[in-house]
Amino acid sequence: MARPENTLAFDGGWEYDPAPEATDHVHIAARYGLFIDGEFVRPATGRYFDTINPATEERLARIARAGTEDVDKAVAAARKAYSGVWGRMKPAERGKYIFRIARMIQERAREFAAVESLDGGKPIRESRDVDVPLAAAHFFYYAGWADKLGYAFPGRSVKPLGVAGQVIPWNFPLLMAAWKLAPALACGNTVVLKPAETTPLTALKLAEVIADAGLPPGVVNIVTGAGDTGAAIVEHPGVNKIAFTGSTEVGKIIQRALAGTNKSYTLELGGKAANIVFADAAIDQAVEGIVNGIFFNQGHVCCAGSRLFVQESVADEVVAKLKDRMETLIVGDPLDKNTDIGAINSKMQLDKIEEYLKVGQAEGGTLHQAGGRVPKKGYWCRPAFFTGVSQSNRVVQEEIFGPVLAIQTFRTFDEALEKANNTPYGLSGGVWTDKGAKIFRMTQGVRAGVVWANTFNKFDPTSPFGGYKESGLGREGGLHGLDAYLKPGA
Ligand code: NAI
Ligand code: MG
């Protein structure tokens, strides 16, 4: 398989030998159909599109483009499986299937990790250590609830919603599929899921796992395509619930399409999280947290810590340390185990990020960007941050979804809190201090679904995740995530 030329790094620094993850165990078919009613079928549209490796710009596979007729078939298969088997199966039996999926993801973990990095551009270290283990953990966690729903919601009688339509983005392709599928299945729903057009491969690999696990046909259907395929799922009258993760813009379109229908829905949308560093924080630890918060997964993270507020007395120190640390980050081959920052997911996303780098400077901000070479082919962005920006600047207000941080300072607690909340979003936040009381005051004051204290970007299947304001509505994960796939029932 072609590799981007070995990159490196920063001028005058040290260099690592390449440490590429093997790909000889990875099988990617030349062409993938749609996974409907338990098998891969050709799309009625007869149309296919390419999914590429953003690190080499080479085609990995041809992917079926589902039209309304295909979505119809998938929804019909899901409905039949819901009424015929899955909705009435003994919950303990359902649980066994979900446990089996979890174990099979673990067994094929190396393959899933490599495919995720090839198709989406994220560093292998992250797909190997974060995405794939967490995806398995979600299936394990919800498998355990399948036969214990009565204990999950004591005193309430619950039943599944029916057919769930799920549309997911390209930043955590397998993990988002797991977040959506696992609770839906545990509650007895059947599913039509659409992965993002730039990263369909791990969802299609998951379809293979689902077939191998012996799930009854039609319980999970995976249809590939772009926004029009997603819209066909959202608008389909045979769907009872929509779960969407993606941009706020599309979230609003979906909300409008669903108004007046009796479909239930959850939306997990954009974010512009504040990381707040007080002078009494462990500064080196905070700098690592800031780096993890914004440069993790190329900043393609809805809960990325993309705004930094530093208390004035330590601002120079934090900025200097951050700059040094940023220079040591290795941008390059996603399959190399040394890589910190992989490829930007698509040309479109790279263009958007580069536009923001210009906008921020035009607004008067000072851009600090890491030096070093990046490969000629592929989509790359060296990590960067802005200083000298203010609250009204677009780079402070808008979701960039790239490795670009906006830094501001504050003097008092109240000023930090007010600035942190001055955003249309409310997905996540972070606070760094050695005072427990400050942590509690801040976590109660920041209007965000999750606020990390002295850490950042930590996930666990048991804890709910979701946003306030334009970051969406509803929660995924934990018992809240289970509740979103149930209705009151006899
Ligand atoms: P997007 O919101 O268009 O794509 C997410 C998913 O929605 C994909 O599967 C896409 O095919 C589908 N989709 C698109 N239009 C649809 C429609 N009308 N109805 C139903 N489904 C539809 O996100 P995109 O264009 O890939 O990225 C644009 C920006 O959105 C990014 O730069 C980033 O700022 C933000 N974004 C945020 C994400 C998050 O997790 N919060 C994830 C992806 C993007
Ligand atoms: Mg791709």
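Before reading further, recall that the structure is shown in the block above.
Just so it is clear, the model here is predicted, and its values are computed rather than measured.

Peer 1: Explain the pairing of strand β18 (residues 450-453) to me, please; I cannot follow it from the model alone.
Peer 2: In summary, the side chains of a regular strand alternate between the two faces of the sheet. Residue alternation in β18 divides its side chains into a buried set, V450 and W452, and an unburied set, V451 and A453. Pairing analysis gives four bridges linking strand β17 (residues 428-432) to β18, with the strands arranged parallel. Looking at β18, one finds that G429 is bridged to V451. On the question of chirality, the crossover connecting β17 to the parallel β18 by way of helix α15 (residues 436-445) is right-handed.

Peer 1: So what exactly am I meant to see when it comes to the packing of helix α3 (residues 109-120) against helix α4 (residues 124-145) here?
Peer 2: Each pair of packed helices can be described by the angle between their axes along with the distance between the axes. Relative to each other, α3 and α4 sit at 125 degrees, their axes nearing to 8 Å. Relative to α4, the element α3 lies oblique. Our pair here, α3 against α4, has a crossing hand that is right-handed. Taken together, the residues of α4 that come into contact with α3 (itself represented by A109, F112, A113, A114, E116 and S117) are I124, S127, R128 and V132.

Peer 1: Mind showing me how you'd approach the site of ligand 1 here?
Peer 2: The local shell around ligand 1 holds 27 residues, among which W170, E197, S247, Q349 and K352 are the closest. Within the side chain of E399, an N or O atom sits 3.0 Å from an oxygen atom of ligand 1. In the shell around ligand 1, the residues fall into 15 nonpolar, eight polar and four charged.

Peer 1: Explain the sheet that holds strand β1 (residues 31-32) to me, please; I cannot follow it from the model alone.
Peer 2: Neighbouring strands of a sheet are bound in pairs by backbone hydrogen bonds; such pairs are parallel or else antiparallel. Across the sheet, three strands lie side by side as β1-β5-β4; this open sheet has mixed pairing. Taken across any chain shown, the strands that pair with only one partner, and hence form the sheet edges, are β1 and β4 (48-53). Bridge count between β4 and strand β5 (residues 58-64): six bridges; the pairing is antiparallel. Paired with T51 across the bridge in β5 is A61. Across the sheet, α3 is in contact with β4 and β5; its angle to β4 comes to roughly 100 degrees.

Peer 1: Could you clarify how one ought to interpret the coordination of the magnesium ion (ligand 2) in this entry?
Peer 2: Under perfect tetrahedral coordination by four donors, a metal shows angles of 109.5 degrees; under perfect octahedral coordination by six donors, it shows angles of 90 or 180 degrees. Donor atoms from the polypeptide that coordinate the magnesium ion (ligand 2) comprise T51 (OG1), I52 (O), D119 (O), D119 (OD) and T198 (O), at 2.2 to 2.6 Å from the metal. Going along the chain, you hit the donors of the magnesium ion (ligand 2) in the pattern T-I-x66-D-x78-T. With a gap of 68 residues between them, T51 in strand β4 and D119 in helix α3 connect regions that are remote in the sequence. Judged by relative accessible area, D119 falls into the buried class, the value being 1%.

Peer 1: Would you explain the pattern of salt bridges in this entry?
Peer 2: Oppositely charged side chains may form a pair once their charged atoms are brought near each other. Tallied over the entire structure, the rule returns 31 salt bridges. Where K122 meets D131, a salt bridge forms, and the shortest distance between an N and an O atom there is 2.6 Å. Side by side, K122 and D131 carry an identical accessibility label, which is buried. In this structure, D284 engages K321 in a salt bridge whose closest nitrogen and oxygen atoms are separated by 2.8 Å.

Conventions used here
Residues numbered from 1 in each chain as written. Chains lettered and ligands numbered in written order. Predicted model: local features only at pLDDT ≥ 70, side-chain atom pairs only at ≥ 80, totals over all residues. Heavy atoms only, no water. Buried < 20%, exposed > 50% of the residue type's maximum accessible area, 1.4 Å probe, protein only. Helix = DSSP H or I, 4+ residues; strand = E, 2+ residues; numbered from the N terminus. Pairing = 2+ DSSP bridges. Right-handed = clockwise from strand over helix to strand, strands pointing away. Axes fitted to C-alpha atoms, helices over the stretch in contact; angles between N-to-C directions. Parallel < 35°, antiparallel > 145°, perpendicular 65-115°, else oblique. Left-handed = near helix turned anticlockwise from the far one by under 90°. Contact = heavy atoms within 4.5 Å. Near = heavy atom within 4 Å. Polar contact = N/O pair within 3.5 Å; in protein donor to acceptor, adjacent residues only side chain to side chain. Nonpolar A, V, L, I, M, F, W, Y, C, P; charged D, E, K, R; others polar. Donors = N, O, S within 2.8 Å, 3.2 Å for Na, K, Ca; no water. Salt bridge = Lys/Arg side-chain N within 4 Å of Asp/Glu carboxyl O.

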